[in-house]
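Structural overview for review
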Amino acid sequence: MRIVLMGAPGSGKGTQAQRLVSHFGIPQISTGDILRQHRKDGTELGKRADAIMAAGKLVDDATMLDIIRDRVAQPDAQRGFILDGFPRTQAQAEGLTALMRDLGTPIDAVVLFEVGEEELVRRISGRRTCSLCNKVFNIYSAPPTVPATDCVAGSSEHQLFQRKDDEEATVKERLRVYEANTRPVLSYYSDAGLLRSVSAEGTLDQITQRLHAALAAAAAPRAPRKSRKSARTPRRVARKAAGARTARVAKSRSRKAGTRKPAARKPPRTQAKAKAVRRRPSRKPALRTARRKARPVRRKSKR
Ligand code: AP5
Ligand code: MG
C-alpha cells in the first residue's frame, strides 16, 4: 500500500507511521527525519536545510522531490511506503502524482490527522526522540519504558533528545506555514477522491484503530454508480421503467404547455358485438372429448 499521512506539526504522523511500519511491513518515509539525518551527517543538503528548519520554513520543492524520487526507488519501498511529512505544498503534491504515474504505482490513500491547536502545542513541547532508533516519545503522554525493550538499536536505554525546531517561536511559525502552504493541498486530494480524515485526539490505540478503518475504506473497491444500478435491475425491467418514465415526462410536459388532449374514452360496446362474444363457442368441452378419444383403452387382463 502507498499511503500519505498529512496533518499539522505534532498531530502524530510520525508516531502512527511507526505503528503502520510493523503492521504492513513497508517503510516510513519521513522527509523531516531524512533532512535531520543530512544535518547530522554534515552533508551539503544538511547544511543548507539547517537554517531553514530552525526557522520553521520549508526546504525548496525541487530538493524535496529529488529526495522522494531517490527514496521510493529503493528496494524496500517496492511493496509500498508511508509518506510522513510529504507532500507539503501544491507543487510537491503534483510532482508526487507525476512521479507515481511514471512508475505506474499510484497513491492508494491520503489520511489527514485532525488535532486542535492547543493539543498540538502541548504534544510538541513534551516530545522527545531517541537518537539511536528514531522512536518518538512524549514525557507527558508516551514516556519510554525503562529499561528499553523496544530500541531497535539494541540499547537498554533510549537516548532522548528534544528537536531544535520544537521551541515555542519555531512551533508557531511551523503552524503558520502549515496553514498557508500545506492545508490547501488537502483539497487537491479530496478532489481526487483519495482523502480520508481521522480525529487524531485520544489514546494512541484509538487513533491506530481509526487509521486502519480509514485505510480499509480507502482500499475497498468502489463500484461506479452506473454499473451498480444495472447489476440490481434486470434489463427488461429497466427498459419498462424507462418507457414509463418517458411517457410520464411527455404527459407532464403537455400538461404544462396546455396541449394535453382529453383522454380518449372507450366506445360503448354495441349489442351485436356483445352477442358475438356470447355466441363464441367454448373450446373447452371439445378439447375434453378429443383428449378422452385419444386416451388408450385399458383392457382387463384375463387370469
Ligand atoms: P517534520 O519532522 O516532518 O515535522 P512536522 O511535519 O512539523 O511534524 P512533526 O514531526 O513535528 O509532528 P508529527 O505529526 O510527526 O507528530 P509526532 O508523531 O512526532 O519536519 C520538520 C521540518 O523539516 C519542517 O519544518 C521543514 O523545515 C522540513 N521539511 C520536512 N518535510 C518537508 C517537505 N516535504 N518540504 C519542505 N520542508 C520539509 O507526535 C508529536 C508528539 O505528540 C510526540 O511527542 C508524540 O509522542 C505525541 N503524541 C502522538 N500522538 C499522541 C496522542 N494521541 N496523544 C498524546 N500524545 C501524542
Ligand atoms: Mg514527525
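Shown above is the structure to which this text applies.
Residues numbered from 1 in each chain as written. Chains lettered and ligands numbered in written order. Predicted model: local features only at pLDDT ≥ 70, side-chain atom pairs only at ≥ 80, totals over all residues. Heavy atoms only, no water.

Turning our eyes to something else, we now look at the nonpolar core. Residues Leu5, Leu35, Ile68, Phe81, Leu83 and Leu96 are the most contacted members of the largest nonpolar core, which totals 51 residues. Every residue in contact with Leu35, bar those within four places of it in the chain, is listed here: Leu45, Ala49, Met53, Val59, Met64 and Ile67. The next biggest cluster of nonpolar side chains, apart from the first, holds 5 residues, and it includes Cys130, Cys133, Ala148 and Cys151. (Core = buried A, V, L, I, M, F, W, Y, C linked by side-chain atoms within 4.5 Å. Buried < 20%, exposed > 50% of the residue type's maximum accessible area, 1.4 Å probe, protein only. Contact = heavy atoms within 4.5 Å.)

Going through the model one piece at a time under the given rule, you end up with 1 aromatic pair. Each ring, one from Tyr188 and one from Tyr189, has its centre 5.2 Å from the other, and the planes form 75°; the classification is edge-to-face. The exposure class of Tyr189 is buried, given its relative accessible area of 2%. (Phe/Tyr/Trp six-rings, centres within 6.5 Å; stacked < 30°, edge-to-face > 60°.)

What follows deals with the sheet that holds strand β3 (residues 81-84). Pairing is parallel across the open sheet formed by 5 strands, whose spatial order is β2-β3-β1-β4-β8. With one partner strand each, in any of the chains shown, β2 (28-30) and β8 (195-199) form the two edges of the open sheet. Strand-to-strand twist across the sheet, computed as the mean angle between neighbouring axes with direction ignored, equals 25°. Relative to β3, β2 is paired through 3 bridges, and the arrangement is parallel. Bridge pairing links Gln28 to Ile82 in β3. (Pairing = 2+ DSSP bridges. Helix = DSSP H or I, 4+ residues; strand = E, 2+ residues; numbered from the N terminus. Axes fitted to C-alpha atoms, helices over the stretch in contact; angles between N-to-C directions.)

Relative orientation of the contacting elements helix α1 (residues 13-24) and helix α9 (residues 204-219) amounts to 60°, with a least axis distance of 11 Å. The angle between α1 and α9 falls in the class oblique. Regarding α1 and α9, the two cross each other, and that crossing is right-handed. When α1 is examined against α9, the residues Thr15, Gln16, Arg19, Leu20, His23 and Phe24 are found in contact with a partner set consisting of Leu204, Asp205, Ile207, Thr208, Leu211, His212 and Leu215. The residue makeup of the contact of α1 with α9, split by class, is 6 nonpolar, 5 polar and 2 charged. (Parallel < 35°, antiparallel > 145°, perpendicular 65-115°, else oblique. Left-handed = near helix turned anticlockwise from the far one by under 90°. Nonpolar A, V, L, I, M, F, W, Y, C, P; charged D, E, K, R; others polar.)

With respect to topology, 3 strands assemble into an open sheet ordered β6-β5-β7, the strand pairing being antiparallel. The open sheet has two free edges, formed respectively by β6 (136-138) and β7 (160-161), since each of these has just one partner strand. With 3 bridges connecting them, strand β5 (residues 127-130) and β6 associate as antiparallel partners. Following the sheet pairing, Thr129 is matched in β6 by Val136.

With that out of the way, let us pick up the pairing of β8. Only one face of β8 is buried: it carries Arg196 and Val198, and the other face, with Leu195, Ser197 and Ser199, is open. Sheet topology note: the strand β4 (residues 109-114)/β8 ladder contains 5 bridges and is parallel. Looking at β8, one finds that Leu112 is bridged to Ser197.

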